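Observations on chain architecture
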Amino acid sequence: MNTPVQPEYLGGWLSERLAEDDDVHELGITVRVAGDAVFLTGVVSTEERRDLVGARAAELAPGYRVRNEVTVASYAAPEEQESLA
Amino acid sequence: MIRIAAVGDIHVGEDSRGRLRPGFASLRENADVLLLAGDLTRCGSPSEAQVLVEELDGAGVPVVAVLGNHDHHAARVKELTSVLRTGGVTVLEGASTVVEVDGCRVGIAGTKGFGGGFAGASGSDFGEPEMKAFVGHTKALAQRLHDSLASLDTDYRVALLHYAPVPDTLAGERLEIFPFLGSYLLAEAIDSAGCDLVLHGHAHGGTEKGVTAGGVHVRNVAQPVIRQAYARYCLGADSISSATSRTMSGAAAP
C-alpha cells in the first residue's frame, strides 16, 4: 500500500507498517505527525532495531523529517525488591 | 517467603544473543523463581525461542512462562513451546505449577489472556462471528485461569498473564486501545478464585502498579515499563534471605 495522500492518515498508516512489515514487527512505536515532521517514540531491544525503525519510517514517508526519539531497553540487574504482604 | 523475579515483553530476536544474559546472571542471588509474562520472542519463531533458552542458561532458578501475542505471530506455538520446554522453561496456558522453596509453596497459574476491555467499556459476546470469537476467547481463557487458581492449595498463589486484568496498570497508554490491552474478565476470575499477586505485560506504555477490585496486587512487568532485566517481588517477608532448596511440581498444558 502506498503512502497516504492525506497527512491525517499518515501516522496511523506508519504505525501499522512498523507493526506488520516482516522485518520490523515493532508494535510499541508511537508515531506522531506534526507539520512536515514524523516523531517516533517507544522502546526497542537494540540500537540496530532503533535505527531500523527510523530508516523504515523515512523510507515510507518521503518528504517528511523523521525525528527518531525511540530508546533502547536497559537490561541492568535490579537493585530494589518490593515486599508484598 | 518466596522471592519472585518477573519480566515480560523481552521480544528476543536472532540479534538478542548475549544481551539478556548479563542481567539474568544475578537471578540466583536475587530470586527463587523467574516468571516471564509473555512476548518472549519478536515474531514467534522457534529459533528466537532457542536464543532465549541460551540466554537463560545458567540462571540457576526455575523459569515459568506464558506466551504473548508476539509468540503467536508465526503460528508455530507448538514448536516454540517445545524449544522452551526442552530448554527447561515451564510454559503455562490454562494450567498451573508449584514451586517450593524451603518448605514454602507458591502456585503459579498462567494464561496468555486476551483483550475485550474493562467493566462498563467492554466488548460483548454478541453480533458478528468475529466479535463472538474475540470475546469468547477471553471468556474461555479467564475461566481456565479461574479453575487453575482455584485448584491450587499452596501458601501463595500467583497469576501469570500477558494481557492486563485491570486498567490501573495501563495508565499512560491511550484509552482507545485499552480493549486490545486486556480484559476485566481476567480480574474477575482472579478475585473469584483468590490470589496474592498478578503479573502481566503487553502494555509497554503503562505503569507498574495496580490492584484488582478485590484487592489483589497487580504488577505490569513489561520490560519497557520496569526498564531493567527483571522486577523483584517478595511474598511473605520483609527481608531477603538466601534460599537453598527449590523444587517444582505440577502440570503444564501440552
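Residues numbered from 1 in each chain as written. Chains lettered and ligands numbered in written order. Predicted model: local features only at pLDDT ≥ 70, side-chain atom pairs only at ≥ 80, totals over all residues.

Some points on the overall build of chain B
Check the secondary structure of chain B and you find nine helices and 14 strands. The globule rule puts the C-alpha radius of gyration for 254 residues at 18 Å, and the 17 Å found for chain B is close to it. Taking all 254 residues of chain B together, the buried fraction comes to 53%. (Helix = DSSP H or I, 4+ residues; strand = E, 2+ residues; numbered from the N terminus. Rg over C-alpha atoms; globule rule 2.2 N^0.38 Å. Buried ≥ 20, exposed ≤ 12 C-beta atoms within 10 Å, placed from the backbone.)

With respect to unusual backbone geometry
Across residues other than glycine, the phi torsion is negative in most instances, and most of the peptide bonds are trans. Residues and elements named next belong to chain B. In this model, Asp9 sits at a positive phi of 60°, which is unusual for a non-glycine residue. Its place among the elements puts Asp9 in the loop between β1 (2-7) and α1 (21-24). According to the C-beta neighbour criterion, Asp9 is buried, with 29 such atoms within 10 Å. The phi angle at His202 is positive, at roughly 80°, despite the residue not being glycine. Relative to the elements of secondary structure, His202 occurs in the loop between β10 (197-200) and β11 (209-211).

A closer look at the interface of chain A and chain B
Reports often express the size of an interface as the amount of accessible area lost when the parts come together. Taken together, the contact pairs 18 residues of chain A with 28 residues of chain B. Class assignment of the residues belonging to the side of chain A that touches chain B gives a composition of seven nonpolar, eight polar and three charged. Where strand β6 (residues 82-84) of chain A and strand β13 (residues 231-235) of chain B come together, three bridges link them in parallel fashion. Bridge pairing in β13 of chain B places Ser83 of chain A opposite Cys234 of chain B. (Contact = placed C-beta atoms within 7 Å. Nonpolar A, V, L, I, M, F, W, Y, C, P; charged D, E, K, R; others polar. Pairing = 2+ DSSP bridges.)

A closer look at the pairing of strand β6 (residues 104-111) of chain B
Residue and element names in this part refer to chain B. Burial of β6 is extensive: six of the eight residues sit out of reach of the surface. In this structure, the hairpin formed by strand β5 (residues 95-101) and β6 is closed by a connection of two residues, where Asp102 is found at a positive phi of approximately 50°. Across six bridges, the pairing between β6 and strand β9 (residues 156-161) is parallel. Across the sheet, the residue bridging to Thr111 is Leu161, located in β9.

Comments concerning the packing of helix α6 (residues 129-150) of chain B against helix α8 (residues 184-193) of chain B
All names here are of chain B. For the pair α6 and α8, interaxial distance at closest approach is 9 Å and the crossing angle is 20°. As far as their axial angle goes, α8 and α6 are roughly parallel. Where α6 crosses over α8, the two elements pack in a sense that is right-handed. Where α6 abuts α8, its residues Thr138, Lys139, Ala142, Gln143, Leu145, His146, Leu149 and Ala150 lie against Leu185, Leu186, Ala189, Ile190, Ser192 and Ala193. Residue composition of the contact of α6 with α8, by class: nine nonpolar, four polar and one charged. (Axes fitted to C-alpha atoms, helices over the stretch in contact; angles between N-to-C directions. Parallel < 35°, antiparallel > 145°, perpendicular 65-115°, else oblique. Left-handed = near helix turned anticlockwise from the far one by under 90°.)

Section: the sheet that holds strand β4 (residues 65-68) of chain A
All names here are of chain A. Read from one edge to the other, the open sheet built from three strands follows the order β1-β2-β4, with strand pairing classed as mixed. Every interior strand has two partners, whereas the edge strands, β1 (30-34) and β4, have only one. Averaged over all neighbouring strand pairs, the angle between strand axes comes to 20°, with direction disregarded. Lying on the sheet, helix α2 (residues 47-60) is in contact with β2 (37-41) and β4; it crosses β4 at an angle near 165°.

Overview of the environment of His70 of chain B
Residue and element names in this part refer to chain B. Tracing the chain through its elements places His70 in helix α4 (residues 69-72). Owing to 23 C-beta atoms within 10 Å, His70 belongs among the buried residues under this scheme. Residues His70 and Gly38, 32 residues apart in the sequence, show an inter-C-alpha distance of 8.2 Å. Aside from chain neighbours lying at most four places away, what touches His70 is His11, Asp39, Thr41, Arg42, Cys43 and Gly44.

A short note on the pairing of strand β3 (residues 63-66) of chain B
All names here are of chain B. Burial along β3 is two-sided: Val63 and Ala65 and Val64 and Val66, pointing in opposite directions, are all buried. Of the strand pairs in this sheet, strand β2 (residues 33-37) and β3 are connected by four bridges, and their pairing is parallel. Looking at β3, one finds that Ala37 is bridged to Val66. Viewed along the sheet, the connection from β2 through helix α3 (residues 46-56) into β3 turns out right-handed. (Right-handed = clockwise from strand over helix to strand, strands pointing away.)

Thoughts on the environment of Gln143 of chain B
Residues and elements named next belong to chain B. Mapping Gln143 onto the fold places it in helix α6. Assessed through the 14 C-beta atoms surrounding it within 10 Å, Gln143 is described here as partly exposed. In this structure, the C-alpha to C-alpha distance between Gln143 and Lys112, residues 31 residues apart in sequence, is 12 Å.

A few points about the confidence of the model for chain B
All names here are of chain B. Here chain B averages 93 in pLDDT, and 93% of its residues register 70 or above. Across residues 239-244, where pLDDT falls below 50, the model places seven contacts with residues more than four positions away in sequence or in other chains. For this predicted complex, the interface confidence reaches an ipTM of 0.86, while the overall pTM sits at 0.91. (pLDDT = per-residue confidence, 0-100.)

Structural notes on the environment of Ile29 of chain A
All names here are of chain A. By the secondary structure assignment, Ile29 is in the loop between α1 (10-20) and β1. Taking C-alpha positions, Ile29 is 11 Å from Gly11, a pair spaced 18 residues apart along the chain. Look past the residues within four positions of Ile29 in its chain and what remains in contact with it is Ser15, Leu18, Leu40, Gly42, Val53 and Val70.

Considering α2 of chain A
Residue and element names in this part refer to chain A. Helix length check: α2 (14 residues) gives 20 Å between terminal C-alpha atoms against 20 Å at 1.5 Å per residue, within 8%. Among all positions in α2, only Arg49, Arg50, Val53, Arg56 and Ala57 are buried. Taken around the axis of α2, the buried residues stretch over an arc of 135°, which confines them to a single face. Of the residues in α2, the exposed ones pointing more than 90 degrees away from the buried face are Glu47, Glu48 and Glu59. Residues of α2 that are buried in the fold lie against α1, β2, β3 (43-44), β4 and β5 (71-72). (Expected span 1.5 Å × (residues − 1). Arc of directions from axis to C-beta.)

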